[in-house]
Amino acid sequence: MTTGVRVAVPGSSANLGSGFDALGMALDIRDEVDVRVVDRGLVVRVSGEGGENVPTDETHLVVRAFRAACAVVGFAPSGVEFDCRNAIPHSRGLGSSAAAIVAGVAAAYGLAGRELDTAALQLASEFEGHADNAAASMFGGVVIAWSEGGDYRAVRLDPHDDLRPVVLVPSEESSTKTTRGLLPAVVPHADAAFAAGRSALAVHALTRDPSLLLTALDDRLHQSYREPAWPATMRVVHDLRAAGVAAAVSGAGPTVLALPKDGELPVGVDVTGFDVRRSAVDLGGVRVRPLG
Ligand SMILES: Nc1ncnc2c1ncn2[C@@H]1O[C@H](COP(=O)(O)OP(=O)(O)O)[C@@H](O)[C@H]1O
Ligand SMILES: N[C@@H](CCOP(=O)(O)O)C(=O)O
């Protein structure tokens, strides 16, 4: 049995505008976690993003997901050490929590010599509360995620080669839990119909015809309700869209996801206060390899 694994897990952008809680895309920004089985105890070391804020005991999210996955695969380590090197910004809508959870699950499966399976996606999605980010981090590419009678499921799609994501990351944080609380219990039927059409179109635009992205990423289910949490984000989304760039709030915000035709943002859109990062779609999802 392997006594150590290195896990590299991508962040993600969920919703993709019109696909609230359903669509996700993996991004080429990765956290890396080394997990080693030792004689006893628990050690958690964290560097990079969130290093000063996350706990370093059993309540650490990677550890919690690891323990839960160990129970699923029947693996009982005597002791364990975690070295977390984080690159995915926390609480910005780039799927850091899902990535942490997928890292913990993948580490447990890797140490037990098991391939990731439907139970792994189920566990990661239950932890997160929705499967869009978790499936993207697990499988890479573009995902459609759904739940059925309590079971979380997802399919992975190959993104169109021309997708050149740009993420605009503000310094302010926003908790996904908090902004889910801003969503109404019901929406107008016309908005639901709009969302059904646009999200179906988004699947085509993301995989076959990016010229349709501007129309396809238009949302009526979540962004406007959440706007009070991040007005500057919505101003940038509106300005980019008015300039012809497909843009949406990434996940539950406050990052903006843009998919400009050539990967370049137009001059003239004021992005002051945002760290503009050119990215790429991560195609492979979480990677696990033995540690030497
Ligand atoms: N790599 C990580 N290690 C430990 N905890 C993490 C990690 N990433 C995220 N978290 C936890 O998840 C919270 C952010 O989750 P959330 O509000 O869903 O935002 P995000 O969009 O970044 O997933 C952080 O404040 C932290 O408590
Ligand atoms: N569908 C979820 C996605 C949350 O993504 P995150 O990266 O902000 O955690 C939602 O919109 O609540």
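Predicted model, so just to flag it, every value in this text is computed and none were measured. (Residues numbered from 1 in each chain as written. Chains lettered and ligands numbered in written order. Predicted model: local features only at pLDDT ≥ 70, side-chain atom pairs only at ≥ 80, totals over all residues.)

Enquirer: Report on helix H4 (residues 132-139), specifying residues and quantitative values.
Expert: For H4, the buried fraction is high: 8 of the 8 residues fall into the buried class. For H4, the set of buried residues is Asp132, Asn133, Ala134, Ala135, Ala136, Ser137, Met138 and Phe139. Phi turns positive, to about 75 degrees, at Gly140, one or two residues after H4. (Buried ≥ 20, exposed ≤ 12 C-beta atoms within 10 Å, placed from the backbone. Helix = DSSP H or I, 4+ residues; strand = E, 2+ residues; numbered from the N terminus.)

Enquirer: Which residues make up the site of ligand 1, and what values go with them?
Expert: Taken together, 21 residues lie around ligand 1, and Leu61, Ser96, Ser97, Ala100 and Thr176 are the ones closest in. Counting only elements with at least two residues in the shell around ligand 1, the list comes to helix H1 (61-73), strand E4 (79-86) and helix H2 (96-111). Inspection of the shell around ligand 1 shows a minimum of three residues originating in each of domain 1 (4-159 + 282-290) and domain 2 (166-278). (Near = placed C-beta within 6 Å. Domains from an automatic or database assignment.)

Enquirer: Quick rundown of the sheet that holds strand E9 (residues 256-259)? Include the residues and the values.
Expert: One open sheet holds the 4 strands; their spatial order is E8-E9-E7-E10, and the pairing between them is antiparallel. Both edges of this open sheet fall to strand E8 (246-249) and strand E10 (274-278), since each of them pairs with a single strand only. Each strand axis lies, on average, 20 degrees off the axis of its neighbour in the sheet, ignoring direction. Pairing geometry for E8 and E9, over 4 bridges, is antiparallel. Residue pairing across strands places Val249 opposite Val256, the latter belonging to E9. Sitting on the sheet, helix H9 (residues 231-242) is in contact with strand E7 (166-170), E8, E9 and E10, with an inclination near 165 degrees to E8. (Pairing = 2+ DSSP bridges. Axes fitted to C-alpha atoms, helices over the stretch in contact; angles between N-to-C directions. Contact = placed C-beta atoms within 7 Å.)

Enquirer: Go over the domain arrangement of the chain, please, and point to the residues and values.
Expert: As far as domains go, the chain holds domain 1 (4-159 + 282-290) and domain 2 (166-278). Centre-to-centre, using C-alpha coordinates, domain 1 lies 24 Å away from domain 2. Every element with two or more residues in the side of domain 1 that touches domain 2 is listed here: strand E1 (4-14) and strand E5 (142-148). Within the side of domain 1 that touches domain 2, the residues separate by chemical class into 11 nonpolar, 10 polar and 2 charged. (Nonpolar A, V, L, I, M, F, W, Y, C, P; charged D, E, K, R; others polar.)

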